[in-house]
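Each chain, written out:
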Amino acid sequence: MGSRIENVIRTAVHTFATKPNGSLVNTNINHNLNALRQLLNEICPNEDLGLSRNSGQPRFPLNLFTSRTAPVSYMEIFENQTVSIGVFILKEGACIPLHDHVGMHGILKVLYGTVNVQSYSPVDLPAQTNSHSMRQSQYIKARRFPVSCISEKDSPAMLSPSDHNLHTIGTVGGSASFLDILAPPYDPDGTCGKIRDCYYYADVGEGGPCNSEIRLLKRTSCPSSFWCDSLAYGGPNIKHLHQEFH
Ligand SMILES: [Fe+2]
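Conventions we followed
Residues numbered from 1 in each chain as written. Predicted model: local features only at pLDDT ≥ 70, side-chain atom pairs only at ≥ 80, totals over all residues. Heavy atoms only, no water. Donors = N, O, S within 2.8 Å, 3.2 Å for Na, K, Ca; no water. Buried < 20%, exposed > 50% of the residue type's maximum accessible area, 1.4 Å probe, protein only. Salt bridge = Lys/Arg side-chain N within 4 Å of Asp/Glu carboxyl O. Helix = DSSP H or I, 4+ residues; strand = E, 2+ residues; numbered from the N terminus. Expected span 1.5 Å × (residues − 1). Arc of directions from axis to C-beta. pLDDT = per-residue confidence, 0-100. Contact = heavy atoms within 4.5 Å.

**A short note on the coordination of the iron ion**
Taken together, the protein donors to the iron ion comprise H99 (NE2), H101 (NE2) and H167 (NE2), at separations of 2.0 to 2.1 Å. Each donor residue of the iron ion lies on one chain, and together they are spaced H-x1-H-x65-H. An identical accessibility class is assigned to H99 and H101; each is buried.

Below, the structure is given as structure tokens:
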């Protein structure tokens, strides 16, 4: 039996594997997503990912905050054409600005600390969910949802290709980290056939006359306050999975 993170990777690849036409191979996605959520609820950051706790600050991963200058660090665990799996580590006060996941599934499991997630869903479906048409526009309309406060005790948060797939993620009361699964992964160069880059947005006001939760989002450059450096994965050996699934 493999490690818990190996089980997560195998289940994610199984869940999100696609046919050449882009449809999912395994059609019972809700069943598979539930299995994935249960596995993520059992993940132990220390044992399963090599993220240990600092004895002086028991809620923080050891050695990940003290010497780093970037507000956010990313530890890639696994990536192929089907999924990307990694851990984001946010310093206290850090916020990942409003960005999109057009056409993607996403799962976010908080490992340490607490985050606030402000999510939006594009409206005027289906045209806006078509990544090409959405990407041609500098403005999109989106429904804004109440902020979700998610801690390590909570089950994973989900986003789908059409719902909750724009969001900001910020820390609450200290540093935080979360495991992130995206399917399909970003593909800024279109290496896998279709460009999927990450765009940033600003909420510039109401997008409808009577409903303030319909917001107008303007595409922006990445805010200078946000940048991300990378950390090496230090968990159980999963090299064989890179060979098996590439
Ligand atoms: Fe995101």
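**Digging into the pattern of salt bridges**
Enumeration over the complete set of coordinates arrives at seven salt bridges. Note that E47 is salt-bridged to R4, the shortest N-O span being 3.1 Å. Of the two residues, E47 is situated in helix α3 (residues 45-49) and R4 in helix α1 (residues 4-16); the sequence distance between them amounts to 43 residues. Salt-bridge contacts for D48 lead to R4; the nearest nitrogen and oxygen are separated by 2.8 Å. You can see D48 sitting in helix α3 and its partner R4 sitting in helix α1, a full 44 residues away along the chain. We classify D48 as buried; its relative accessible area is 4%.

**Some details on helix α2 (residues 29-41)**
Taking 1.5 Å per residue, 13 residues should reach 18 Å; α2 reaches 18 Å between its end C-alpha atoms and fits that length. Within the sequence span of α2, burial applies to I29, N32, L33, L36, L39 and L40. For α2, the arc enclosing every buried residue in end-on projection is 120°, short of the 170-degree limit, so these residues lie on one face. Exposed positions of α2 whose direction lies more than 90 degrees from the buried face are N30, H31 and Q38.

**Some remarks on the confidence of the model for the protein**
When pLDDT is averaged along the protein, the result is 87, and 88% of the positions lie at 70 or above. Highest mean pLDDT in the protein belongs to strand β7 (residues 148-151) (98); lowest belongs to helix α4 (residues 131-136) (57). In this model residues 55-60 is a low-confidence stretch, pLDDT under 50, and it forms twelve contacts with partners more than four residues away in sequence or in other chains.

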